[in-house]
There are 2 protein chains.
Amino acid sequence: MKFLHTADWHIGKKLHGFDLMEEQADAYQQILTIAKDQAVDAIVIAGDLYDRALPSEANVAELNRMLVDLNLHHQLPLLAISGNHDSATRLHVGSEWYANTQYYLNTELAGAFTPVELEDTQFFLLPYFEPWQARNYFGDDQIRTVEQAMRLIVKKQVAAFDTSKKHVLVAHFFAAGSSQTDSETRVIVGGLNAVPLDILAPFDYVALGHLHNHHALNQPKIRYSGSPVKFSLSEAGEQKGVWLVDTDKSEPIYIPIKPFREVVTLTDSFAHLTDDTYYNTLDRDAYYGITLTDRAIIPDVMNQLRAVYPHIVSLERLNGHEDLPTVVTIDPELDPLTLFEHFFEQVNDTKLNEQQLTWAKASLSAAQDGEE
Amino acid sequence: MKFLHTADWHIGKKLHGFDLMEEQADAYQQILTIAKDQAVDAIVIAGDLYDRALPSEANVAELNRMLVDLNLHHQLPLLAISGNHDSATRLHVGSEWYANTQYYLNTELAGAFTPVELEDTQFFLLPYFEPWQARNYFGDDQIRTVEQAMRLIVKKQVAAFDTSKKHVLVAHFFAAGSSQTDSETRVIVGGLNAVPLDILAPFDYVALGHLHNHHALNQPKIRYSGSPVKFSLSEAGEQKGVWLVDTDKSEPIYIPIKPFREVVTLTDSFAHLTDDTYYNTLDRDAYYGITLTDRAIIPDVMNQLRAVYPHIVSLERLNGHEDLPTVVTIDPELDPLTLFEHFFEQVNDTKLNEQQLTWAKASLSAAQDGEE
């Protein structure tokens, strides 16, 4: 069978305060188009449908619209789980009805052992869980890590295998050897909560959610789909998309999703950034993370830049206060002016110019007059 | 056809801080039993399923459990609307799937004009709405009141009547001539937002939600079901229940719901309330609203009473500060002790006794020593 593997929709996510509803609606439309063009038999959504446990009314309405469209209007079977960002309890509401039209949504560990069978494939839907939930479920208080839990979970799933079928695991966790980006919440820290890949060997394909870059793990049969939208500046250069999985073929195909607005990082001088011969070559409608190389004070800098780049999500200085030398040596024997000259040079890698020296002398003189 | 008419479940409601989950679960079980015993064809829930727009995870799980049980386990058709306490947007999620198993949930004004047809009856599901929603829907900025809106709404519903069938309106508003209790939110104040009964004449039955007493309106064909549980002390003496409506009969029958815990108000002396020959005649597990007739200070009074009545939801004094005379006459020429004696007598309707007089003299003497 053929299915799309997507995850981490994070409906409601903002990029440095900028609402991403348009981006998410556009990415959804592309996923639908890919599903129809490829005539897939199902769509897998591997967790983090919402960005937060308590989504806004607008987000709730938006996700419902997408799922109604996929499942009821386009009759596409859906296989979905809750991720660490979802409230399993809230997302669960209605799922008993959804299954009647082949929208299989599992939010409970107990539901991970009864596969959904579609054509030649058994799908095991394992939601995000924490070790205490596995302790309760298995009645085993020795379970302290996700790794320990996963050994028991997969063993129990394998016991439910129909050997005449293919086996797909849909899950939401951190797989050992993966690399992370800035927009994922590190809920569980520490190597013991990474899932070693050998545990996942019984499956023909493992459709993962949690990490937002589809290159986070490079395994032919175990994949993160990544998010359909860029959620942080660190994802500026990434290609987003979905996996097209064919259970009769050895490797899935990655189908790109075009960004509604690009995410671009620029490190440049204010003069160059505001030069129209330069900025007219750029896609100015993108989200920009700008790092200025200037040292001088630039009055009203954000408004001047926003006049050129309306969606600036971050503005920093390359030589801002973050770049102060970690150790500034101060000789308390020196007179105030010399002390200031040394400090300025250490912080800025340059000496005071004539004008700056004149200002410094005047200020120190005024301060001394004040003391007397 | 035969259906039950209930409303105002208010899942998540508290009674003076006491959680009512057990009461609500028990009332639900009785509603299910009545529905099965009476072999009804459907259950109508006329709004305010939740107590608040943003219900807790526990409340969300609990309402879902009840609706799954009614509709999927017991195959009972449901006809429901959102009330003023529900978030129409949040409650709406999943409703597109629910209709596949005859759970008809309407949360939008636009959905009120396409009847649900079950057997011999057309049900019009009109959710709680505010005048601005009717202004937008009808494109008529003259609509300022619920009454004006209802005239247009009913006219449009009547245009969809199949005259060979019965017509039932399910709605959530304040009908003119109704009486209110303490546990309803008065969202819209003022007579212009009460719906005159003549507007509702075209319907064979109007199943209302909003008011919590089923006697709030005494009309054969227009009824409030009231809430299934007592939500305030002012409902202590009420009988809760559901209406059994048979479209072939002229009047519905009220079927009582037995309270899981009663709500009782007592006005009595502390001595009598804590006398075991008295309190052993009472149902001490009830929720109590107690008004003490005592005037004397009673140390640790709440804990002493809770030892007898564990679920005290309210404790007041009959002669508390609320009963101070509105005018206390003070003659500034009098000496402090006489002034105090007059004040005490006016407030308490009795003179200082010997002990009180001794205390008053000692206090005044100590205060005077302090001044000198």
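This one's a predicted model, so the numbers in the text were calculated from it and none came from an experiment. (Residues numbered from 1 in each chain as written. Chains lettered and ligands numbered in written order. Predicted model: local features only at pLDDT ≥ 70, side-chain atom pairs only at ≥ 80, totals over all residues. Heavy atoms only, no water.)

(A) The packing of aromatic side chains, seen in detail. Applying the stated criterion across every chain, the model contains 34 aromatic pairs over all chains. Here Y279(A) and Y309(A) contribute two aromatic rings whose centre-to-centre distance is 6.5 Å and whose plane-to-plane angle is 75°, an arrangement assigned as edge-to-face. Of this pair, Y279(A) sits in helix α8 (residues 276-279) while Y309(A) sits in the loop between α9 (301-308) and β16 (311-317), and the two are 30 residues apart along the sequence. Each member of the pair, Y279(A) as well as Y309(A), carries the same accessibility label: buried. Residues F113(B) and Y137(B) carry aromatic rings whose centres are separated by 5.2 Å and whose planes lie at 10° to one another, so their mutual orientation is stacked. Of the two residues, F113(B) is situated in the loop between β6 (103-106) and β7 (116-118) and Y137(B) in helix α5 (residues 131-138); the sequence distance between them amounts to 24 residues. With a relative accessible area of 31%, Y137(B) lands in the partly exposed category. Among the aromatic residues, those joined into a ring-pair cluster are F3(A), F123(A) and Y205(A). Between K156(A) and the ring centre of F113(A), over which it is positioned, the NZ or CZ distance is 4.9 Å. Over the ring of W243(B) we find R223(B); its NZ or CZ atom is 4.4 Å from the centre of that ring. (Phe/Tyr/Trp six-rings, centres within 6.5 Å; stacked < 30°, edge-to-face > 60°. Helix = DSSP H or I, 4+ residues; strand = E, 2+ residues; numbered from the N terminus. Buried < 20%, exposed > 50% of the residue type's maximum accessible area, 1.4 Å probe, protein only. Lys NZ or Arg CZ within 6 Å of the ring centre and 35° of its normal.)

(B) Region of the structure containing the interface of chain B and chain A. Facing the 23 residues of chain B at the interface are 23 residues of chain A. Between chain B and chain A, roughly 2,000 Å² of surface is buried when both sides are summed, and carbon and sulfur atoms account for 65% of that area. In terms of surface lost to chain A, no three residues of chain B exceed E57(B), R90(B) and W97(B), which account for 35% of the buried area on that side. Linking chain B with chain A are 0 salt bridges, by the criterion used here. Remark: the boundary between chain B and chain A carries 12 residue pairs in polar contact (both at pLDDT 80 or more). Every element with two or more residues in the side of chain B that touches chain A is listed here: α2 (57-73), α3 (88-92) and α4 (95-98) of chain B. No other element matches the 8 residues that α2(B) contributes to the side of chain B that touches chain A. (Contact = heavy atoms within 4.5 Å. Buried area = accessible area lost by both parts, 1.4 Å probe. Salt bridge = Lys/Arg side-chain N within 4 Å of Asp/Glu carboxyl O. Polar contact = N/O pair within 3.5 Å; in protein donor to acceptor, adjacent residues only side chain to side chain.)

On their own, these measurements won't tell you what the molecule is for.
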